[in-house]
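Spelled out, the chains give:
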Amino acid sequence: MGQNGLVTWILAVIGSLFVGVLAVRGFQHWAKKEWGALITHLAGGAVVAVMVFTPQQAVNILKFIGAKIATVFTG
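Parameters at a glance
- Residues numbered from 1 in each chain as written.
- Predicted model: local features only at pLDDT ≥ 70, side-chain atom pairs only at ≥ 80, totals over all residues.
- Heavy atoms only, no water.
- Patch = residues over 30% accessible without salt bridge, like charges linked within 9 Å, V, L, I, M, F, W, Y side chains within 5 Å.
- Areas by Shrake-Rupley, 256 points an atom, 1.4 Å probe, with all protein chains shown as cover.
- Salt bridge = Lys/Arg side-chain N within 4 Å of Asp/Glu carboxyl O.
- Helix = DSSP H or I, 4+ residues; strand = E, 2+ residues; numbered from the N terminus.
- Buried < 20%, exposed > 50% of the residue type's maximum accessible area, 1.4 Å probe, protein only.
- Contact = heavy atoms within 4.5 Å.
- Phe/Tyr/Trp six-rings, centres within 6.5 Å; stacked < 30°, edge-to-face > 60°.
- Axes fitted to C-alpha atoms, helices over the stretch in contact; angles between N-to-C directions.
- Parallel < 35°, antiparallel > 145°, perpendicular 65-115°, else oblique.
- Nonpolar A, V, L, I, M, F, W, Y, C, P; charged D, E, K, R; others polar.

**So, a nonpolar patch on the surface**
A contiguous nonpolar surface patch, about 980 Å² in accessible area, is contributed by Val47, Val50, Met51, Ile61, Leu62, Phe64, Ile65, Ile69, Val72 and Phe73. Of all the elements in the fold, those that place two or more residues in the nonpolar patch are helix H2 (35–53) and helix H3 (55–74). For the nonpolar patch, the element with the highest residue contribution is H3, accounting for seven residues. Secondary-structure assignment places Ile65 in helix H3. The exposure class of Ile65 is partly exposed, given its relative accessible area of 41%.

This is the structure in structure tokens:
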């Protein structure tokens, strides 16, 4: 997926915008002492960051989790 130069460039731009928004919102939560919202925001941001910066690894992780869930229900 990352072999195409345009895809790599688009992911880099989106990732940079994501990091900027994450930093601003994280600072806002920290300044207002909204600790629960800050932790939730950072955890969600970590998940999205993995999906944006390492999409193939994210797909592999989701396949692994899906297989584990399937084995629980199918026995």
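**Brief notes about the environment of Leu11**
Residue placement: Leu11 occurs in helix H1 (residues 5–31). Among the residues examined, Leu11 registers a relative accessible area of 23% and is labelled partly exposed. Sequence-wise, Leu11 and Val52 are 41 residues apart; in three dimensions their C-alpha atoms are separated by 6.5 Å. Here Leu11 is in contact with Val52 and Pro55, once residues within four sequence places are set aside.

**Some points on the packing of aromatic side chains**
By the definition in use, this model includes one aromatic pair. Each ring, one from Phe27 and one from Trp30, has its centre 5.6 Å from the other, and the planes form 35 degrees; the classification is tilted. Linking Phe27 with Trp30, this pair stays in helix H1, spanning three residues, or about one helical turn. Phe27 gets classed as exposed once you look at its relative accessible area, which sits at 54%. According to the relative accessible area criterion, Trp30 is partly exposed, its value standing at 49%.

**Some thoughts on the packing of H2 against H3**
When two helices pack together, their arrangement is given by the angle between the helix axes and the distance between those axes. Close contact between H2 and H3 brings their axes to 5 Å; oriented N to C, the two are set at 120 degrees. For the element pair H2 / H3, the angle class is oblique. Together, Val50, Met51, Val52 and Phe53 of H2 and Pro55, Ala58 and Leu62 of H3 make up the contact between the two elements. Looking at the contact of H2 with H3 residue by residue, the classes come out as seven nonpolar, no polar and no charged.

**Some details on the packing of H1 against H2**
It is at 10 Å that the axes of H1 and H2 come closest, and there the two elements cross at 175 degrees. Classified by the angle between their axes, H1 and H2 sit roughly antiparallel to one another. Here Leu11, Ile14, Gly15, Phe18, Val19, Leu22, Arg25, Gly26, His29 and Trp30 of H1 lie close against H2, whose contacting residues are Trp35, Ala37, Leu38, His41, Leu42, Gly45, Val48, Ala49, Val52 and Phe53. Considered class by class, the residues forming the contact of H1 with H2 number 14 nonpolar, five polar and one charged.

That is the geometry; function is a separate question.
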